[in-house]
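Architecture and fold: a report
Letter by letter, the chains look like this.
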Amino acid sequence: MKIWICPGSFDPVTMGHIDIIKRASRMCDHLIVAVGVNDGKKATFTLEERRQFILKSVKGLKNVEVDVFEGLLINYAENKGATAIVKGLRAVSDFEYELQMALLNKRLNEKIETVFLMTSINYSYLSSRAIKNIASNGGEIRGLVPDSIHDDIYEKLKEGEIK
Ligand code: PNS
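Residues numbered from 1 in each chain as written. Predicted model: local features only at pLDDT ≥ 70, side-chain atom pairs only at ≥ 80, totals over all residues. Heavy atoms only, no water.

Things to note about the environment of S9
As for its placement among the helices and strands, S9 is situated in the loop between β1 (3-8) and α1 (15-25). Each C-alpha atom, one on S9 and one on V37, is 6.2 Å from the other, the two residues being 28 residues apart in sequence. Apart from the residues within four sequence positions on either side, S9 is in contact with V35, G36, N38, K41 and R50. (Helix = DSSP H or I, 4+ residues; strand = E, 2+ residues; numbered from the N terminus. Contact = heavy atoms within 4.5 Å.)

Printed below as a string of structure tokens:
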């Protein structure tokens, strides 16, 4: 069975991520969408909130599992029996960071490949940061995130303000 991992911060998941998840799920037998900690970013939503957002968004995709992981991605991928890590690339600006990650992960475990899918043109400008920025300033994010989590995002952002 061909198991792939689609890792990310997903803070929160966007339509751009969903596009990559759908396309990757057609390229393997089982896709694990793995929500991880990016030390370079301060997360807005908890790992569990982010997992729930994705779960609600991928309901129709039968071979997709959603999980969270802590520690090294490559160790997580190996423990899951994955043969590849799949990530989306939006623009040249993503490339340098993703190349470094892919090479470091290859150095840590040469058996696991990193596969890149180019984002669909419709979503190339999308980012989780932009979503949060628009929503927390009262803007409309419909169409940029899955409909199933649209209201939840506003609610969770409001809860965060109150805390
Ligand atoms: O969506 P992101 O922020 O690009 O996802 C980055 C993520 C979470 C996949 C990356 O930061 C990661 O793999 N974190 C786990 C720690 C790790 O393995 N670091 C070493 C990479 S060489």
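What follows continues from the structure just given.
Quick look at the packing of aromatic side chains
As enumerated under the stated definition, the model contains two aromatic pairs in all. Ring geometry for F69 and Y76: centres 5.1 Å apart, planes at 25°, overall stacked. Judged by its relative accessible area of 9%, F69 falls in the buried class. Residue classification places Y76 among the buried residues on the basis of a relative accessible area of 10%. (Phe/Tyr/Trp six-rings, centres within 6.5 Å; stacked < 30°, edge-to-face > 60°. Buried < 20%, exposed > 50% of the residue type's maximum accessible area, 1.4 Å probe, protein only.)

Describing the sheet that holds strand β5 (residues 113-118)
Pairing is parallel in the open sheet, where five strands are placed in the order β3-β2-β1-β4-β5. In this open sheet, the two strands that pair with only one neighbour each are β3 (64-68) and β5. Across the sheet, the mean angle from the axis of one strand to that of its neighbour is 30°, orientation sign disregarded. Direction of pairing for strand β4 (residues 84-89) relative to β5: parallel, over a ladder of six bridges. Bridged to I85 within β5 is T114. (Pairing = 2+ DSSP bridges. Axes fitted to C-alpha atoms, helices over the stretch in contact; angles between N-to-C directions.)

Let's talk about the site of the ligand
S9, N38, K41, L73 and K87 are the nearest of the 16 residues found near the ligand. Residue K41 places a side-chain N or O atom 2.6 Å away from an oxygen atom belonging to the ligand. Take L73: an N or O atom from its main chain is 2.8 Å from an oxygen atom of the ligand. Relative to its unbound accessible area of 550 Å², the ligand is 84% covered by the protein chains. Going through the elements one at a time, β1 and α4 (92-108) are the ones with two or more residues in the shell around the ligand. No other element matches α4, which puts four residues into the shell around the ligand. (Near = heavy atom within 4 Å. Polar contact = N/O pair within 3.5 Å; in protein donor to acceptor, adjacent residues only side chain to side chain. Areas by Shrake-Rupley, 256 points an atom, 1.4 Å probe, with all protein chains shown as cover.)

Focus: α1
Across the 11 residues that make up α1, a large majority, eight, are buried. Where the residues of α1 are buried, they touch β1, β2 (30-35), α2 (47-57), β3, β4 and β5. Two or three places before G16, at the opening of α1, T14 has a side-chain oxygen 3.1 Å from that residue's backbone nitrogen.

Quick notes on a nonpolar patch on the surface
On the surface, a nonpolar cluster with roughly 410 Å² of combined accessible area is contributed by V92, F95, L99 and L103. Position of L99 relative to the elements: it lies in helix α4. According to the relative accessible area criterion, L99 is partly exposed, its value standing at 35%. (Patch = residues over 30% accessible without salt bridge, like charges linked within 9 Å, V, L, I, M, F, W, Y side chains within 5 Å. Salt bridge = Lys/Arg side-chain N within 4 Å of Asp/Glu carboxyl O.)

Observations concerning the environment of L104
Position of L104 relative to the elements: it lies in helix α4. Look at L104 and you get partly exposed, because its relative accessible area is 46%. When the C-alpha atoms of L104 and N63 are compared, they prove to be 28 Å apart, with 41 residues separating the residues in sequence.

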